[in-house]
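Breakdown of the fold
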Amino acid sequence: MGLSTNIKRPIKTVDDKFNNMMKTKTGLMKSKVERPFRAILSNFCTSYHNGRSHDDVFAGTELPMDDNGDFIAIRVKNLSKIFGKHPESAIRLLKEGMSKEEVHRTTSNDVGIYDVSFDVKEGELFVLMGLSGSGKSTLERCMNRLIQPTSGQVIIDGLDIMSLDEDTIRMVRRKKMSMVFQNFGLLPHRDIKNNVAYGLEIQGVPEAERIQTAKRYIEMVGLSGYEDNYPSDLSGGMKQRVGLARALATNPDILFMDEAFSALDPMIRNDMQDELQKIQSELRKTIVFVTHDLNEALKLGDRIALMRDGRIVQIGTAEDILRNPADDYVSRFVREVDRTKVLTAGVFMRRPRNILHTSQGLRTALRIMEESDRNTMLVVDRKNHLAGMVESDDVLKAVRSGGVLEDVVVCDVPTVRTDTPMKDVIQIMVTTNFPIPVVSDDNTLLGVISPSVAAEVLGEGGDL
Amino acid sequence: MVSPIGIFAEDMVNFIERYFGWLLDLFKNILNWPLDMLGRVLYNIDPTIFIIILFIISILVTKRLVAPILISAAFYLIYWMGYWNSAMITLNMVLVSALVAILLAMPLGIWSARSERANPVIKALMDFMQTMPAFVYLIPAVIFFGLGIVPGVVATVIFSMPPVVRLTNLGIRQVHTEMNDVADAFGSTEFQKLTKVQIPAAMPSIMAGVNQCIMLSLSMVVITAMIGGGGLGQDIVYALSRVDVALGFEAGLAVVLIAMVLDRLTQAFKDTK
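The model shown is predicted, which means the values in this text are computed figures rather than measured ones.

1. Some remarks on the overall build of chain B
A count of helical and extended segments in chain B gives 13 helices and 0 strands. From first element to last, N terminus to C terminus, chain B shows the α and β order α-α-α-α-α-α-α-α-α-α-α-α-α. For chain B, the spread of C-alpha atoms along the three principal axes comes to 65 × 60 × 30 Å. Expressed as a percentage of the 273 residues in chain B, the buried residues total 39%.

In structure tokens:
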């Protein structure tokens with residue numbers, strides 16, 4: 001697929017598999033599934049918007065694809081935001097290569113962001129990461145036009161957000177995107193269910209229906225039973241769960257999260273990150289997540305954009321950024337990271353050697369173990385699925401008493417996935433003294449992590 | 001001797017009186033309507049029933065027991081001292097004035113909160129209304145509306161409006177920017193933002209303004225009595241002219257009691273919001 005290849009937008013449903021399936025048969029499904037459903041939706045949209053609905057806004061737009069065939073949900077092109085009275089002069093100076101501070105000194109304009117370009121893939125959790133003043137929140141607010149950018153484009157599902165008038169952008173905000181705020185932004189005079197239903201109320205959804213939807217999302221974030229409480233009754237973590245439920249309740253495609261967990265205690269923050277990952281694995285929204293916490297960025301982000309002084313310094317996966325920092329700034333940043341939290345089993349696993357197949361006998365097992373000087377060995381079946389593990393003592397006994405391999409295979413072996421953090425792997429290692437198998441979802445053996453790796457992970461500044 | 005400024009003011013008043021008299025009459029009738037409606041209730045209700053109803057309302061509003069008892073006791077004291085009829089006239093005027101003032105002031109406050117151009121103009125107007133001595137606008141009020149309760153209400157409205165305007169303005173301006181972002185991010189129209197986010201969030205401040213408005217209305221009772229407003233103010237003016245300490249103190253005490261009752265009720269209302 002070339003960069004310029006365009007395909008008709010896929011239809012959104014909650015079910016991601018369904019969604020993926022439809023990417024290939026869009027045209028067919030559109031007429032069968034989408035039309036009647038959307039017709040109902042637009043019934044009440046039209047009455048609120050001079051006869052135009054959300055669908056009319058996106059009608060005929062095409063979702064661009066990138067080189068790997070992934071759909072691009074948001075494309076930001078040369079976006080700049082200058083705060084001040086004479087942005088043109090500031091832009092001119094920036095083009096000449098002046099820094100943010102110099103521009104501020106000469107023109108007294110503040111550079112929010114300058115010449116930022118990137119793509120966010122559909123269903124991706126994209127993190128904007130940087131210290132305060134790096135322009136990450138400004139960038140996010142430009143993407144839903146809470147802040148009006150000075151120049152550049154934000155293309156969402158093939159539609160240039162900058163070209164829209166007030167009514168249309170309002171409609172896009174209602175249906176297409178929503179936002180989670182740093183200080184939760186709950187309305188103090190509304191109870192939880194009405195806070196969550198706010199977005200739906202704005203759209204004109206009838207009360208019974210929107211409360212029902214709100215309750216479903218309150219349950220999803222684990223706050224059942226708090227529907228009638230007021231925000232002041234809730235702790236910070238619970239408040240942000242409400243914020244998340246409110247953002248999800250309108251069933252948007254895109255979620256903007258602005259320092260969403262930064263105001264929470266470390267423990268609660270961790271819980272919320274897990275919660276977000278859980279919800280994201282169910283719903284697969286496109287999420288733009290702003291944070292100043294690198295650990296959070298590395299934990300959550302499918303990809304991370306590191307920002308400094310209103311520009312993007314590096315974009316990449318957590319591994320990219322940790323292993324190949326683009327410049328000194330990034331590497332200084334990265335040095336602070338708790339490596340065990342970020343690095344996953346997939347990074348450290350080795351190709352398994354000395355494996356026993358279920359078709360092989362006990363004597364083969366004994367021979368291999370003697371040759372490799374080990375007292376445990378993993379056993380796999382013909383399809384390379386992990387069957388278990390054997391210990392040399394058991395094998396020896398079975399050989400003497402004339403038993404078979406099946407009798408001595410220990411099935412209850414601790415396994416990890418490729419995305420299991422090394423921190424957890426090390427915890428398992430402490431209680432066992434054999435290599436830990438890394439398996440895929442269908443239990444296929446992918447690799448092993450030997451106990452010697454632990455030293456490598458914990459070692460200071462070792463080559464990753 | 002009067003300078004051209006005074007002459008101009010006088011000409012203006014005469015001009016308005018001559019050419020807009022019909023409008024003033026209409027205005028007077030409009031104001032008379034709520035005064036008449038509320039008056040019909042207040043002037044005819046039996047004191048016992050009034051106090052019982054007041055007791056029930058204050059229990060509902062304050063959700064306590066002690067305050068409602070004290071509130072009822074205050075009105076019983078007014079009755080016992082023999083100022084019931086005067087108190088009802090005063091209460092009628094104060095409640096209608098406050099209502100009219102709030103109805104006029106809240107839109108002005110919202111307007112000045114949302115328009116940087118309107119804000120300084122409204123602010124200056126409010127300064128003028130609040131600091132111009134009340135006696136001064138009694139003169140045109142009497143010319144326009146004659147003697148009686150209506151010019152009293154007009155003067156009271158002018159005097160008691162500013163705090164509502166100011167505190168509504170302040171309350172909406174102090175709504176956290178994140179709240180406004182919430183409203184915008186979910187695609188609220190300006191009207192939805194105002195009614196669903198800004199006004200509810202500004203409610204404590206607005207209610208403080210309403211409370212101030214009622215207190216200022218009460219402080220006008222003596223002044224309005226000078227143009228025939230009647231009520232407790234008239235008793236006080238009468239006491240003053242006769243240097244009657246006992247009468248003056250009792251009527252004054254009745255004003256204080258009404259003020260305290262209205263204050264506690266509006267305060268409680270503010271807290272429940």
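2. Focus on the environment of Ser-205 of chain B
All names here are of chain B. Mapped onto the elements, Ser-205 comes out in helix α10 (residues 190-219). As a C-alpha pair, Ser-205 and Lys-63 span 142 residues in sequence and 21 Å in three-dimensional space. Ignoring any residue separated from it by four or fewer positions in sequence, one finds Ser-205 in contact with Leu-167, Leu-170, Gly-171 and Gln-174.

3. Regarding helix α4 (residues 66-81) of chain B
Residue and element names in this part refer to chain B. Under the 1.5 Å per step criterion, the end-to-end length of α4 is 22 Å for 16 residues, consistent within 8% with the ideal 22 Å. Taken together, the buried positions of α4 are occupied by Pro-68, Ile-71, Ser-72, Ala-74, Phe-75 and Ile-78. Projection of α4 onto a plane perpendicular to its axis shows the buried side chains occupying an angular sector of 145°, all on one side. What points out from α4, more than 90 degrees from its buried face, is the exposed set Val-66 and Trp-80. Looking at the residues trailing α4, positive phi occurs at Gly-82, about 90°.

4. Examining the interface of chain B and chain A
Each partner contributes to the interface: chain B provides 15 residues, whereas chain A provides 17 residues. When contributions to the side of chain B that touches chain A are tallied by element, the ones reaching two or more residues are α9 (177-185) and α10 of chain B. Here the element with the most residues in the side of chain B that touches chain A is α9 of chain B; it accounts for 6 residues. Looking at the side of chain B that touches chain A residue by residue, the class counts come to 8 nonpolar, 4 polar and 3 charged.

5. Some words on the pairing of strand β14 (residues 376-380) of chain A
Residues and elements named next belong to chain A. Sheet topology note: the strand β13 (residues 356-357)/β14 ladder contains 2 bridges and is parallel. Bridging across to β14, His-357 finds its partner in Val-380. The loop that links β14 with its antiparallel partner strand β15 (residues 386-391) comprises 5 residues; one of these, Asn-384, has a positive phi angle of about 70°.

Analysis parameters
- Residues numbered from 1 in each chain as written.
- Chains lettered and ligands numbered in written order.
- Predicted model: local features only at pLDDT ≥ 70, side-chain atom pairs only at ≥ 80, totals over all residues.
- Helix = DSSP H or I, 4+ residues; strand = E, 2+ residues; numbered from the N terminus.
- Buried ≥ 20, exposed ≤ 12 C-beta atoms within 10 Å, placed from the backbone.
- Contact = placed C-beta atoms within 7 Å.
- Expected span 1.5 Å × (residues − 1).
- Arc of directions from axis to C-beta.
- Nonpolar A, V, L, I, M, F, W, Y, C, P; charged D, E, K, R; others polar.
- Pairing = 2+ DSSP bridges.

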